[in-house]
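As a plain string of letters, each chain reads:
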Amino acid sequence: MAEKLTKEQAQEQILALRAQLNVWAEQYYDRDAPTVSDREYDLTYQQLVNLESEFPELITPDSITQRVGGTVEDEFSKVRHEIPMLSMGDIFSKEELIEFDQRVQKAVGKPVDYHVELKIDGLSLALEYRLGKLFRASTRGNGSIGEDVTANARTIADIPQTLPEPLTIEVRGECLMPKAAFAKLNEKREQAGLQVFANPRNAAAGSLRQLDEKVTRERELSTFIYTYVTPPVAAIKTQQEAVHELARLGFTINETSIEASSLDQIFEFIDHYEQERDSLPYGIDGVVIKVNSLQLQEQLGNTVKVPRWEIAYKFAPEVAET
Ligand SMILES: NC(=O)c1cnc(N)c2cc(Br)sc12
């Protein structure tokens with residue numbers, strides 16, 4: 001017969017089990033790359049449930065056992081994206097950007113203007129409104145099927161719950177955790193003996209995909225919205241106009257974006273933000289260069305996987321502070 005644990009021993013084991021389960025759940029949800037079998041996860045989860053039932057005074061609201069559902073398999077209902085949430089082609093040099101511009105000019109038969117935007121280090125988010133009310137929020141998932149995170153999105157301060165007009169639209173952007181919120185969260189987690197998040201992107205993903213939206217609310221998430229998906233609005237001819245319309249409707253847009261009629265302007269933007277990156281209050285991992293004309297975006301279309309009208313210029317990974 002195993003010796004009965006003291007309360008201190010039980011507390012230690014409970015914290016360790018929670019930390020491990022949180023890491024596994026985050027891997028399963030944030031990167032769709034589980035490192036353990038469902039069986040190993042479930043056995044460990046059951047160990048925690050047994051310990052907490054033996055020592056109920058040690059149960060805390062943030063324990064993974066306190067989530068509705070609880071196990072990783074059935075946390076979010078699925079959402080089908082009628083218009084797939086595509087990723088983007090990546091480039092890593094100005095020579096490749098010149099090649100991208102040449103491909104675009106060749107395809108449309110003339111030089112084009114671009115809209116240049118920071119690539120935010122967060123996770124993609126789709127927001128659907130019905131008659132001006134937030135109807136549904138979903139993650140990218142695999143591009144066609146994402147998770148319904150509506151309850152969580154309602155806790156994010158800069159997401160409008162109601163639009164100034166009774167519009168039925170879908171918009172998309174990035175959900176992020178600002179660097180200051182990330183530092184504060186990790187400090188709290190370290191003090192509680194919990195696994196810290198590796199970076200703001202994982203912290204945003206882990207926070208948006210919380211089953212308990214009260215936890216999401218505490219995480220100080222924010223958004224930058226950059227795509228007006230549907231319905232097409234005849235008066236909106238360019239990405240720049242689309243972003244201005246998003247701002248008019250109350251969405252948070254990233255004010256650094258510019259229109260560029262030359263590659264030199266784009267190079268200048270890239271150089272500036274590659275240098276300024278550390279001083280920004282949010283994480284970025286590059287620059288997105290989009291053909292500004294929506295008609296030309298339509299004409300260029302997409303390859304099987306990525307649009308032909310936009311490209312992500314990626315910065316070198318940041319050197320982690322030791
Ligand atoms: N400005 C943008 O379009 C933008 C910013 N940040 C991102 N992580 C992404 C991802 C896609 Br796909 S587009 C985009």
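Details of the structure are given in the entry above.
Conventions used here
- Residues numbered from 1 in each chain as written.
- Predicted model: local features only at pLDDT ≥ 70, side-chain atom pairs only at ≥ 80, totals over all residues.
- Heavy atoms only, no water.
- Helix = DSSP H or I, 4+ residues; strand = E, 2+ residues; numbered from the N terminus.
- Buried < 20%, exposed > 50% of the residue type's maximum accessible area, 1.4 Å probe, protein only.
- Contact = heavy atoms within 4.5 Å.
- Expected span 1.5 Å × (residues − 1).
- Arc of directions from axis to C-beta.
- Near = heavy atom within 4 Å.
- Polar contact = N/O pair within 3.5 Å; in protein donor to acceptor, adjacent residues only side chain to side chain.
- Nonpolar A, V, L, I, M, F, W, Y, C, P; charged D, E, K, R; others polar.
- Core = buried A, V, L, I, M, F, W, Y, C linked by side-chain atoms within 4.5 Å.
- Pairing = 2+ DSSP bridges.
- Phe/Tyr/Trp six-rings, centres within 6.5 Å; stacked < 30°, edge-to-face > 60°.

Participant: Mind showing me how you'd approach the side chain of Lys290 here?
Facilitator: As for its placement among the helices and strands, Lys290 is situated in strand β10 (residues 284-291). Among the residues examined, Lys290 registers a relative accessible area of 4% and is labelled buried. When neighbours within four sequence positions are excluded, Lys290 is seen to be in contact with Asp113, Tyr114, His115, Glu117, Tyr226, Thr227, Gln239, Gln297, Trp309 and Glu310.

Participant: Could you clarify how one ought to interpret helix α5 (residues 179-191) in this entry?
Facilitator: Owing to its 3.6 residues per turn, the α-helix brings residues three or four apart onto one side. Taking 1.5 Å per residue, 13 residues should reach 18 Å; α5 reaches 19 Å between its end C-alpha atoms and fits that length. Along α5, the residues classified as buried are Ala181, Phe182, Leu185, Asn186 and Arg189. End-on, the buried residues of α5 take up no more than an arc of 130°, which puts them together on one face. Residues of α5 that are exposed and angled more than 90 degrees away from the buried face: Ala180, Lys188, Glu190 and Gln191. In this structure, the buried residues of α5 make contact with α6 (200-208). Residue Gly193 follows α5 closely and has a positive phi angle near 75°.

Participant: Which parts of the structure should I look at to understand the site of the ligand?
Facilitator: Around the ligand lies a shell formed by Leu86, Met88, Glu117, Leu118, Lys119, Ile120, Glu174, Tyr226, Val288 and Lys290. The separation between a nitrogen atom of the ligand and a polar main-chain atom of Ile120 is 2.8 Å. The side chain of Glu174 places a nitrogen or oxygen atom 3.2 Å from a nitrogen atom of the ligand. Mapped onto the shell around the ligand, the elements with two or more residues apiece are β3 (114-120) and β10. The greatest single-element share of the shell around the ligand, amounting to four residues, is contributed by β3. Grouping the constituent residues of the shell around the ligand by class yields six nonpolar, no polar and four charged.

Participant: Is there a simple way to think about unusual backbone geometry in this case?
Facilitator: A negative phi angle characterises most non-glycine residues, just as the trans form characterises most peptide bonds. Omega for the peptide link from Thr230 to Pro231 comes to -10°, which places this bond in the cis form. In this fold, Pro231 is placed in the loop between β8 (222-230) and α8 (239-248). Even without glycine at this site, Leu131 takes up a positive phi of about 50°. Within the secondary structure, Leu131 is located in the loop between β4 (123-130) and β5 (133-139). Judged by its relative accessible area of 62%, Leu131 falls in the exposed class.

Participant: It is not clear to me how the environment of Leu58 should be interpreted in this structure. Could you clarify?
Facilitator: Counting through the fold element by element, Leu58 comes out in the loop between α2 (38-54) and β1 (78-80). For Leu58, the residues in contact, after removing those within four places along its chain, are Lys7, Ala10, Gln11, Ile14 and Arg18.

Participant: Teacher, can you tell me more about the nonpolar core here?
Facilitator: Inside soluble globular proteins, nonpolar side chains tend to come together where they are buried. Core analysis: the largest hydrophobic core is formed by 34 residues, its most contacted members being Leu127, Tyr129 and Phe251. In contact with Tyr129, not counting residues within four places along its chain, are Leu134, Phe135, Ile159, Pro160, Gln161, Leu163, Leu167, Thr168, Ile169, Val171 and Phe251. Residues Ile91, Tyr114, Leu263 and Phe315 belong to the second largest nonpolar core, which totals 31 residues.

Participant: It is not clear to me how the pairing of strand β7 (residues 169-176) should be interpreted in this structure. Could you clarify?
Facilitator: With eight of eight residues buried, β7 lies mostly within the body of the structure. Sheet analysis places β7 next to β8, joined by seven bridges and oriented antiparallel. Bridge pairing in β8 links Cys175 to Thr223.

Participant: Where do I start with the packing of aromatic side chains in this structure?
Facilitator: Aromatic ring pairs are described here by two measures, namely the spacing of the ring centres and the angle between the planes. Under the defined criterion, the tally for this structure stands at seven aromatic pairs. Aromatic pair Phe100 and Tyr114: ring centres 6.1 Å apart, planes at 40°, arrangement tilted. With Phe100 in helix α3 (residues 94-108) and Tyr114 in strand β3, this pair connects stretches of sequence that are 14 residues apart. Here the two residues Phe100 and Tyr114 agree in accessibility, since each one is buried. Within the aromatic cluster, the residues linked to one another by ring pairs are Trp24, Tyr41 and Tyr45.

Participant: Teacher, can you tell me more about α8 here?
Facilitator: Burial in α8 covers these residues: Gln239, Gln240, Ala242, Val243, Glu245 and Leu246. Looking at the packing, one finds that the buried side of α8 touches β3, β7, β8, β9 (258-260), β10 and α10 (294-300). Of the residues one or two after α8, Gly250 is the one with positive phi, at around 105°.

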